[in-house]
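Spelled out, the chains give:
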Amino acid sequence: PAPIDPRRGARWWVRRRAAIVHAEVRRYIAVGDGVSLELPIAGTAYECLSLPARDEDSLVHAIHDRMRTAEAALAQSLAAADSVVFVDGPLAVMRGGPAAIVGVIKAHHRRYLDDRHEATLGALGCGQRTPLFAFGEPRPRYSWYLRLCELEDHHHGWHGLVRCEVPTGVGLDAAVALAGISAALLPAFASAPGWDARAPQNLVPVAGLERRLHHLLGERDLILRRIVSAARAASAGAGGG
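Residues numbered from 1 in each chain as written. Predicted model: local features only at pLDDT ≥ 70, side-chain atom pairs only at ≥ 80, totals over all residues. Heavy atoms only, no water.

Caption draft 1: A look at the sheet that holds strand 4 (residues 101-105). Pairing within the open sheet is mixed, and its five strands lie in the order 3-4-7-6-5. For this open sheet the edge positions go to strand 3 (85-88) and strand 5 (133-135), each flanked by a neighbour on one side alone. Ignoring which end each strand starts from, the neighbouring axes of this sheet average 35° apart. Direction of pairing for strand 5 relative to strand 6 (residues 141-147): antiparallel, over a ladder of three bridges. Bridge pairing in strand 6 places Phe 135 opposite Arg 141. In this fold helix 1 (residues 56-79) packs onto strand 3 and strand 4, with an angle of close to 170° to the strand it touches most, strand 3. (Pairing = 2+ DSSP bridges. Helix = DSSP H or I, 4+ residues; strand = E, 2+ residues; numbered from the N terminus. Axes fitted to C-alpha atoms, helices over the stretch in contact; angles between N-to-C directions. Contact = heavy atoms within 4.5 Å.)

The structure is reproduced here in structure tokens:
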């Protein structure tokens with residue numbers, strides 16, 4: 001993270017360039033009915049996740065669980081090196097403890113505040129945050145809202161807001177300190193509408209990483225066609241229809 005000068009206040013930050021240090025691609029394919037398949041697709045290895053269920057939601061959740069587990073392991077490894085780690089999304093499978101890991105949530109599908117406290121969100125300026133509030137069982141968390149940009153007249157009150165969260169296991173004092181760091185750093189990485197349709201909540205390093213990973217993974221429709229073709233060939237070889 002960029003250095004913070006507390007004498008300049010929480011709205012001061014140092015602009016820094018983000019760089020991808022290392023990228024690792026893992027490919028999984030979820031298969032229902034307990035079927036196990038090996039799908040060599042253009043020389044690319046896919047690890048098969050054989051599941052008893054066959055509905056689409058169960059298959060998708062299996063892939064997402066692998067993704068979240070890998071993200072959590074990486075975040076915890078980076079935090080062990082005395083770094084503050086910002087994770088894109090909620091801390092779904094993060095184990096509790098003192099690690100400095102902050103989840104940054106772009107979308108607001110659930111209400112966490114009552115009407116009186118929620119009404120204060122529209123008054124937040126760029127780099128300002130709410131006080132902390134706690135929620136969540138069996139994974140209790142401290143959370144706060146933070147605005148990434150100035151709120152203009154034509155914007156609604158939720159424009160530019162992200163919700164951040166940390167496990168309560170970090171302790172209240174550490175959570176307050178992490179909330180201050182998020183307010184000092186994250187607005188500097190807010191994206192612009194002309195560059196990202198999800199601006200400003202989709203932070204520039206996250207958008208850049210997404211584009212890089214899309215390039216490494218390959219063209220989606222081509223990959224899908226290869227998977228379907230390999231699955232049909234495997235089914236035919238096994239005597240299926």
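Once you've had a look at it, read on.
Caption draft 2: The arrangement of the pairing of strand 6 in detail. Counting buried positions over the seven residues of strand 6 gives seven, a clear majority of the element. The side-chain alternation of strand 6 yields two buried faces, one formed by Arg 141, Ser 143, Tyr 145 and Arg 147 and the other by Tyr 142, Trp 144 and Leu 146. Counted along the chain from strand 5 to the antiparallel partner strand 6, the turn is five residues long, and its residue Gly 136 has a positive phi close to 100°. Relative to strand 7 (residues 161-167), strand 6 runs antiparallel, the two sharing seven bridges. Across the sheet, Arg 147 pairs through a bridge with Leu 161, a residue of strand 7. (Buried < 20%, exposed > 50% of the residue type's maximum accessible area, 1.4 Å probe, protein only.)

Caption draft 3: Summary view of helix 3 (residues 172-185). For helix 3, built from 14 residues, the straight-helix expectation of 20 Å at 1.5 Å per residue is met to within 8% by its first-to-last C-alpha distance of 20 Å. Contacts made by the buried residues of helix 3 are with strand 3, strand 4, strand 6 and strand 7. (Expected span 1.5 Å × (residues − 1).)

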